[in-house]
Amino acid sequence: MIVVLKQNPNPDQVEGLVNWLEGKGITIHRSIGENQTVFGLVGDTSALDIGLISALDIVEDVKRVAEPYKEANRKFHPEDTVIPIGNTTVGGGNLTLIAGPCSVESEEQMVGIAKAVKASGVTMIRGGAFKPRTSPYSFQGLGKQALEYLKVAKQETGLPIVTELMDISQLPLFDDVDVIQIGTRNMQNYDLLKAVGRQEKPVLLKRGMSSTYEEWLMSAEYIMSEGNPNVILCERGIRTFETYTRNTMDICAIPVLKKLTHLPIVIDPSHATGRYALVPSMAMAAVTAGCDGLLIEVHNDPQHALSDGAQSLRPDKFDILAKNLISLHNFTASLPPMQFD
Ligand code: PEP
Ligand code: MN
């Protein structure tokens, strides 16, 4: 249930309402915006009398929320979530560019790519240390050593690090990591989601390759309900009958999620297509559709990459793309807003 308060409500009456609700075992999620204060009520609201609450002087409107996700729901939190990370912010009209290799392979490789993508205008660097591979015989990542190389890349560039956590036991190694990525294969690993919900670093939550929007938002809810509000959603392509591309990029996720949730949404056209030549047009399409950022794989020598070389752009090609993405974002931001609902 959500309770929308009138502007400048009487503080004593607000406290009275809060105490009464809390006395009934309801947890209140307060969203205090510039124009509106919204209380999201979590708990068993079935016994609450909507008529009684609506009749209060301080209350503008009361609605039942049918969706099973509450904290991730835009109705609970009408304003976009904006997440500060290092010197940058994700959401709130910024275009976040995250780039780097699929896997961290050496210090030289990671630092070299980080410097190159920084010069192209990226705001965060990525690189996999723990790799979820389909085959146990494929390269599994350099693990702890890779985190050390990422730390050097961060020191050299000043850019925050995004890297994947595969297991709760790896969390103590993540002190220098800025954003924890939860991969597509772990989107419904609920113990892992709860663990990242109990710590403070922002989480980049990739969509499960066969998950619906609701399942994805319920996974975000697992993280948020443990106390971590800083979740970034990442669409990375879903499984369809098509085999030409690695996955099918669901661009519709952008407008749908903008409606359903206040969380920022980032698009990963590299895993969505599996082919580097398709990455630029899909990235441009995502910016046009209003994403908050892009996650793009870049490798200095894609032919010899230890993972995902086929979908990785060389730094010189990425440079052209990054500049076009930034120009396109500035252009779309200058257009009058379109609201058709
Ligand atoms: C990755 O980002 O390298 C990765 C493994 O992504 P996903 O979980 O989307 O496959
Ligand atoms: Mn990859």
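Residues numbered from 1 in each chain as written. Chains lettered and ligands numbered in written order. Predicted model: local features only at pLDDT ≥ 70, side-chain atom pairs only at ≥ 80, totals over all residues. Heavy atoms only, no water.

K.L.:
Looking at this structure, I do not really get the overall build of the protein chain. What am I missing?
P.N.:
Within the protein chain one finds 10 helices and 14 strands. Buried residues in the protein chain amount to 52% of all 341 residues. Relative to all contacts within the protein chain whose residues are 6 or more apart in sequence, the contacts with residues 24 or more apart total 68%. Treating the 31 positive side-chain charges of the protein chain as one cloud and the 40 negative ones as another, the clouds have centres 4 Å apart. (Helix = DSSP H or I, 4+ residues; strand = E, 2+ residues; numbered from the N terminus. Buried < 20%, exposed > 50% of the residue type's maximum accessible area, 1.4 Å probe, protein only. Contact = heavy atoms within 4.5 Å. Lys, Arg positive; Asp, Glu negative; His and termini not counted. Charge placed at Lys NZ, Arg CZ, Asp CG, Glu CD.)

K.L.:
Please explain the coordination of the manganese ion (ligand 2) as it appears in this structure.
P.N.:
Geometry reference: four tetrahedral donors at a metal, ideal angle 109.5 degrees. Six octahedral donors, ideal angles 90 or 180 degrees. Distances from the manganese ion (ligand 2) to its protein donors, C102 (SG), H271 (NE2), E297 (OE) and D308 (OD), fall within 2.1 to 2.4 Å. Along the chain, the residues that donate to the manganese ion (ligand 2) are spaced as C-x168-H-x25-E-x10-D. Of the two residues, H271 sits in helix α8 (residues 269-273) while E297 sits in strand β14 (residues 293-297), which places them 26 residues apart along the sequence. Comparing H271 with E297, the two get one shared label, buried. (Donors = N, O, S within 2.8 Å, 3.2 Å for Na, K, Ca; no water.)

K.L.:
Looking at this model, I keep getting lost on the layout of surface pockets. Mind explaining?
P.N.:
Gaps left between atoms show up when a probe the size of a water molecule is rolled over them. If you add up the space inside the largest pocket, you get close to 1,200 Å³. Residue lining of the largest pocket: 24 residues in total, with K258, A289, G290, P337 and M338 positioned closest to the centre. Sorting the residues of the lining of the largest pocket by element identifies α7 (253-260), α9 (279-288) and α10 (315-334) as the ones contributing at least two each. Counting residues per element, the lining of the largest pocket draws most heavily on α7, at 4 residues. Split by residue class, the lining of the largest pocket holds 11 nonpolar, 8 polar and 5 charged. (1 Å grid on protein atoms, 1.4 Å probe; cavity = no way out; pocket = protein on both sides within 12 Å on 5 of 7 lines; lining within 4 Å. Points joined across faces, edges and corners; volume = space filled by probe spheres on them. Nonpolar A, V, L, I, M, F, W, Y, C, P; charged D, E, K, R; others polar.)

K.L.:
Please clarify how the site of ligand 1 should be interpreted in this entry.
P.N.:
As a matter of local geometry, ligand 1 sits amid 13 residues, with R126, K131, T184, K206 and R236 nearest to it. At a separation of 2.9 Å, an oxygen atom of ligand 1 approaches a polar side-chain atom of Q181. K206 is positioned with one of its side-chain polar atoms (N or O) 2.9 Å from an oxygen atom of ligand 1. Of the residues that constitute the shell around ligand 1, the class distribution is 2 nonpolar, 4 polar and 7 charged. (Near = heavy atom within 4 Å. Polar contact = N/O pair within 3.5 Å; in protein donor to acceptor, adjacent residues only side chain to side chain.)

K.L.:
Would you mind going over the pairing of strand β9 (residues 161-164) with me for this structure?
P.N.:
Looking down a regular strand, the side chains alternate between one sheet face and the other. On β9, burial covers both faces: I161 and T163 on one face and V162 and E164 on the other are all buried. Across 2 bridges, strand β8 (residues 124-126) lies against β9 in parallel orientation. Its bridge partner lying in β9, R126 is registered against V162. In this view, the connection linking β8 to its parallel neighbour β9 by way of helix α4 (residues 144-157) has right-handed handedness. Two elements, β9 and strand β10 (residues 179-182), share 3 bridges in a ladder whose sense is parallel. Paired with E164 across the bridge in β10 is Q181. (Pairing = 2+ DSSP bridges. Right-handed = clockwise from strand over helix to strand, strands pointing away.)

K.L.:
For this particular structure, what's the right way to read the packing of aromatic side chains?
P.N.:
Remark: the centre distance and the inter-plane angle together describe each pair of aromatic rings, the angle taken between the planes. Tallied over the entire structure, the rule returns 2 aromatic pairs. Between F130 and F174 the ring centres are 6.3 Å apart and the planes differ by 15°, which places this aromatic pair in the stacked class. Linking F130 in the loop between β8 and α4 with F174 in the loop between β9 and β10, this pair joins segments that are 44 residues apart in sequence. In this structure F130 comes out as buried when scored by relative accessible area, which is 14%. Both rings, one in Y190 and one in Y222, keep their centres 4.4 Å apart while their planes meet at 25°; by these two values the pair is stacked. Highlighted residues: Y190 in helix α5 (residues 190-197) and Y222 in helix α6 (residues 213-225), separated in sequence by 32 residues. Judged by its relative accessible area of 32%, Y190 is partly exposed. (Phe/Tyr/Trp six-rings, centres within 6.5 Å; stacked < 30°, edge-to-face > 60°.)

K.L.:
How do you make sense of the domain arrangement of the protein chain when you look at a structure like this?
P.N.:
A common way to report how large an interface is uses the accessible area buried once the components associate. What the domain assignment reports for the protein chain is domain 1 (2-63) and domain 2 (83-334). The distance between the C-alpha centroids of domain 1 and domain 2 comes to 37 Å. (Domains from an automatic or database assignment.)

K.L.:
What is the right way to look at the sheet that holds strand β4 (residues 59-63) in this model?
P.N.:
Within a beta sheet, neighbouring strands are joined by backbone hydrogen bonds and run either parallel or antiparallel to one another. Here 4 strands make up an open sheet; going across it, the order is β2-β3-β1-β4 and the pairing antiparallel. Unpaired on one side and paired on the other, β2 (27-32) and β4 mark the two borders of the sheet. When the angles between neighbouring strand axes are averaged without regard to direction, this sheet yields 20°. Here 6 bridges tie β2 to strand β3 (residues 37-42), and the two strands are oriented antiparallel to one another. Its bridge partner being in β3, H29 is matched across the sheet by G40. Sheet contacts for helix α1 (residues 11-23): β1 (2-5), β2, β3 and β4; angle to β2, the most-contacted strand, approximately 150°. (Axes fitted to C-alpha atoms, helices over the stretch in contact; angles between N-to-C directions.)

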